[in-house]
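# Analysis of the macromolecular model
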Amino acid sequence: MINGKIGKKRKAYIILMRTAMILSTALTASLVIFLLLYVLGRGLPNVTLELLTTKPSYLAGTIGILPDILNTVYIVLATLVIVIPLGVGAAIYLTEYAKNKKVVGMIEYAAETLSGIPSIIYGLVGMLLFSNNFGTSLLAGALTLVIMNLPTVMRTTQESLKTVPQSYREGAFGLGAGKWRVIRTVVIPGCVDGVVTGCILSIGRILGESAALLFTAGFAHALNDIISGLVSPGATLTVALYVYAKEEGEFEVAFAIGAILMILTLLINLSASLVQKYFAKRRNI
Amino acid sequence: MSEIMTAKDLCLWYGNTQALKNVNISMPEKSITAFIGPSGCGKSTFLKTLNRMNDLIPSVRITGEVCYKGTSIFDKSVDVNELRRDVGMVFQKPNPFPMSIYDNIAYGPRTHGTTNRVKLDEIVEQALRGAAIWDEVKDRLKKNALGLSGGQQQRLCIARALAVQPQVLLMDEPTSALDPISTSRIEELALQLKEKYTIIMVTHNMQQAVRISDNTAFFLLGELVEYGKTEKLFSQPKDKRTEDYITGRFG
Ligand SMILES: Nc1ncnc2c1ncn2[C@@H]1O[C@H](COP(=O)(O)OP(=O)(O)O)[C@@H](O)[C@H]1O
Ligand SMILES: [Mg+2]
């Protein structure tokens with residue numbers, strides 16, 4: 001700066017901006033830490049072996065969340081079993097077979113938009129489509145979650161399909177391999193990372209979902225095996241948290257579930273980044 | 001020597017732009033044919049037409065005829081996968097699959113139905129010996145092929161192409177991404193391979209064409225300007241444009 005006065009003004013401005021940024025960062029960080037510590041601090045002491053391994057009993061007046069844990073596992077499994085083949089199949093079709101690139105672009109755009117829609121709308125649609133036809137059940141919930149997560153799985157798979165080098169396809173075609181063999185042996189192995197990423201994102205989303213499941217899967221805490229579980233109503237951990245806090249005023253249980261969900265979320269994020277590192281490493285051998 | 005591949009009045013368009021104009025050529029078997037010409041003149045396009053790799057590009061339109069052993073390769077009765085098995089391809093940039101060395105070589109034979117382990121072992125060894133890379137990789141067949149050097153990867157790709165027992169080997173500037181030592185190894189290899197195979201090679205390097213090819217074809221702006229015995233074409237070019245090109249006046 002030539003003029004000292006402007007220089008001073010500018011300096012003050014820079015210092016001000018820097019302080020503002022440091023403050024907002026500190027605020028964000030302390031909010032996150034506070035939330036974590038508060039939920040874990042109130043929840044973890046209530047996470048007992050009894051809570052984790054029993055079902056609620058009105059006779060004994062005890063609460064156990066084993067049914068909710070199992071329901072969560074069932075609904076995650078059911079959703080993934082349906083959504084992976086659908087999403088991967090759609091991604092393969094769109095990137096490897098579809099000729100009309102305009103339509104492909106429109107579908108990609110629609111998928112991106114779909115993943116931003118509030119989940120309660122999926123719940124409403126799921127209720128009309130599934131619950132009203134074959135009853136409020138984990139399966140109805142899983143099918144709703146399939147619709148919710150299909151765009152994510154499809155898009156992550158598609159993106160990783162696009163990273164499979166064209167030269168691999170050419171090499172395989174050049175040896176006389178047919179289209180399906182090329183896809184099966186060269187293209188699909190290259191998109192495993194996208195599928196895994198899509199699964200992890202979906203699991204995270206399923207764990208956190210409440211609105212869509214309230215409509216479709218219900219609130220029951222009965223202990224079931226996977227088959228009977230899927231055809232009867234049941235609460236997942238997140239829904240159970242809502243039910244215990246809102247309807248029964250059992251805040252200790254609600255916070256215990258909250259703490260468990262938080263730890264699971266951390267684990268999922270951790271595994272997502274580990275998986276990404278693993279595949280990045282494998283790609284650059 | 002009989003002709004193994006011929007083109008007659010071959011024209012090719014990418015969308016509305018014409019990339020090949022009335023190409024007429026016949027290439028003898030068990031010899032090396034080199035394609036030279038400035039970049040963008042259609043050498044790769046023509047090479048890829050010979051085993052219909054251009055089918056992968058939706059905008060391509062072709063008129064005219066290409067015959068392999070006297071049969072039109074565009075005929076409906078031709079199985080394009082069988083054609084590519086007979087007319088193999090080695091690309092400009094080495095493109096081994098991200099799998100083991102063994103699985104790379106076995107990919108072709110497995111594609112065409114060989115599953116017997118003993119048979120595959122034999123084919124893999126034969127192919128790697130054929131591409132003069134057996135001694136370098138025989139102790140690490142199970143290792144990932146992407147760990148090899150560029151020159152080794154290219155010889156691996158040649159071995160991979162040999163493993164399906166092709167008749168013709170198309171090579172698109174196979175040495176342009178390689179160092180001089182790897183380049184001369186590939187050139188030696190090409191000279192050995194022409195005992196058994198027909199080699200058609202695009203090269204950006206005129207010395208290379210002189211060193212190894214029997215016949216040379218000079219392309220310019222999608223036209224085959226001149227084609228003949230390599231010594232003849234380089235010592236007494238018939239066309240003014242060929243002369244200008246080989247004396248370095250353009251390109
Ligand atoms: N996939 C493609 N789509 C459209 N045009 C192409 C494509 N590939 C090549 N071309 C065009 O065709 C012409 C010939 O290209 P190419 O055969 O690659 O030349 P060379 O191998 O002799 O350098 C060039 O003008 C190039 O731009
Ligand atoms: Mg080229």
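Conventions we followed
Once a new chain begins, its residue numbering starts again from 1 and follows that chain's sequence as written. Starting at A for chains and at 1 for ligands, labels are handed out in the order in which the entities are written. Given that this is a predicted model, residues contribute local features only at a pLDDT of at least 70 and side-chain atom pairs are listed and counted only at 80 or more, while totals for whole chains, interfaces and linings are drawn from all residues. Excluded from the side-chain calculation are hydrogens and water; included are all heavy atoms of the structure. Two strands are counted as paired when DSSP detects at least two bridges linking them. Where helices and strands are cited, they refer to DSSP runs of H or I of at least four residues and of E of at least two residues respectively, numbered from the N terminus. Helix axes use the C-alpha atoms of the stretch in contact, all axes being lines fitted to C-alpha atoms, and the angles between their N-to-C directions lie in the range 0 to 180 degrees. Per-residue confidence from the predictor is given as pLDDT, running between 0 and 100. Contact between two residues is taken to exist if any of their heavy atoms lie within 4.5 Å; hydrogens are not considered. Buried area: the accessible area, evaluated with a 1.4 Å probe, that two parts lose upon being put together, summed over both parts. We call two N or O atoms a polar contact when they sit within 3.5 Å, provided that within protein one can donate a hydrogen and the other can accept it, with sequence-adjacent residues counted only if both atoms are side-chain atoms. By the definition adopted for this analysis, an angle is roughly parallel if under 35 degrees, roughly antiparallel if over 145, roughly perpendicular if from 65 to 115, and oblique otherwise. A clockwise turn of the near helix away from the far one marks a right-handed crossing, whereas an anticlockwise turn of less than a right angle marks a left-handed crossing. The classification used treats Ala, Val, Leu, Ile, Met, Phe, Trp, Tyr, Cys and Pro as nonpolar, Asp, Glu, Lys and Arg as charged, and all other residues, Gly among them, as polar. Between Lys or Arg on one side and Asp or Glu on the other, a salt bridge is scored when a side-chain nitrogen of the former is within 4 Å of a carboxyl oxygen of the latter. Buried residues are those whose accessible area, probed at 1.4 Å on protein chains only, stays under 20% of the maximum for their type, while exposed residues exceed 50% and partly exposed ones sit between those limits. Proximity criterion: a residue is near a molecule or strand once any of its heavy atoms comes within 4 Å of it. Surface exposure here means Shrake-Rupley accessible area, sampled with a 1.4 Å probe, where a residue is shielded only by the protein chains that are shown. Each domain's extent was defined by an automatic or database domain assignment.

Once that is clear, we can look at the sheet that holds strand E8 (residues 198-202) of chain B. All names here are of chain B. The mixed open sheet is built from 6 strands, whose spatial order is E6-E7-E8-E3-E9-E10. With one partner strand each, in any of the chains shown, strand E6 (87-90) and strand E10 (223-229) form the two edges of the open sheet. Averaged over neighbouring strand pairs, the angle between their axes works out to 15° when direction is ignored. Relative to E8, strand E3 (residues 32-36) runs parallel, the two being bridged by 4 bridges. Pairing of Ile32 across the sheet is with Ile199, part of E8.

Let's shift gears to the confidence of the model for chain B. Parts of the prediction with low pLDDT should not have their coordinates interpreted in detail. Per-residue confidence for chain B gives a mean pLDDT of 94, with 99% of residues at or over 70. ipTM for the predicted complex: 0.93, alongside a pTM of 0.83.

For the rest of this paragraph, the subject is the interface of chain B and chain A. Chain B puts 23 residues into the contact, and the matching count from chain A is 16 residues. Interface area, chain B with chain A, both sides summed: about 1,700 Å², of which 64% is carbon and sulfur. At the surface where chain B touches chain A, the tally comes to 5 residue pairs in polar contact (both at pLDDT 80 or more). At the level of secondary structure, the elements contributing two or more residues to the side of chain B that touches chain A comprise helix H2 (80-86), E6, helix H3 (101-111) and helix H6 (150-162) of chain B. Here the element with the most residues in the side of chain B that touches chain A is H3(B); it accounts for 4 residues.

Residue and element names in this part refer to chain A. Contact geometry for helix H7 (residues 166-174) and helix H8 (residues 179-187): axes closest at 10 Å, N-to-C directions at 135°. Here H7 is positioned oblique relative to H8, judged by the angle of their axes. The interaxial crossing formed by H7 with H8 has right-handed handedness. Between H7 and H8, the contacting residues are Tyr168, Arg169, Ala172 and Phe173 on the first element and Lys179, Val182, Val186 and Val187 on the second. Looking at the contact of H7 with H8 residue by residue, the classes come out as 6 nonpolar, no polar and 2 charged.

Now for the pattern of salt bridges. Summed over all chains, the structure comprises 18 salt bridges over all chains. With a shortest N-O distance of 3.0 Å, Asp214(B) and Lys194(B) are connected by a salt bridge. In this pair, Asp214(B) sits in the loop between helix H8 (206-212) and strand E9 (215-220) while Lys194(B) sits in the loop between helix H7 (180-193) and E8, placing the two residues 20 residues apart along the sequence. Overall, the relative accessible area of 24% leaves Asp214(B) in the partly exposed class. Residues participating in the shared-partner salt-bridge network are Glu108(A), Glu112(A), Arg155(A), Glu159(A) and Lys162(A).

Residue and element names in this part refer to chain B. Lining the immediate surroundings of ligand 1 are Tyr14, Ala19, Ser39, Gly40, Cys41, Gly42, Lys43, Ser44, Thr45 and Ile57. Contacts to ligand 1 include Tyr14, whose side-chain N or O atom sits 3.3 Å from a nitrogen atom. Contact distances for ligand 1 include 3.1 Å between an oxygen atom and a backbone N or O atom of Gly42. Considering ligand 1 on its own, with 560 Å² of exposed area, one finds that the protein chains cover 58% of that surface. If one sorts the elements of the shell around ligand 1 by residue count, helix H1 (residues 43-50) sits on top with 3 residues.

Glancing now at the domain arrangement of chain A. Residue and element names in this part refer to chain A. What the domain assignment lists for chain A is domain 1 (2-46) and domain 2 (50-284). Domain 1 and domain 2 are separated by 35 Å when their C-alpha centres are compared. Taken together, the contact pairs 9 residues of domain 1 with 10 residues of domain 2. Note on domain 1 versus domain 2: buried area summed over both sides is about 800 Å², and carbon and sulfur give 81% of it. Together, Val39, Arg42 and Asn46 form the three largest contributors to the area buried by domain 1 at its contact with domain 2, with a combined 55%. At the junction of domain 1 with domain 2, the criterion picks out 0 salt bridges. Viewed at the interface, domain 2 and domain 1 are joined by 1 residue pair in polar contact (both at pLDDT 80 or more). Its residues assigned to classes, the side of domain 1 that touches domain 2 comprises 6 nonpolar, 2 polar and 1 charged.

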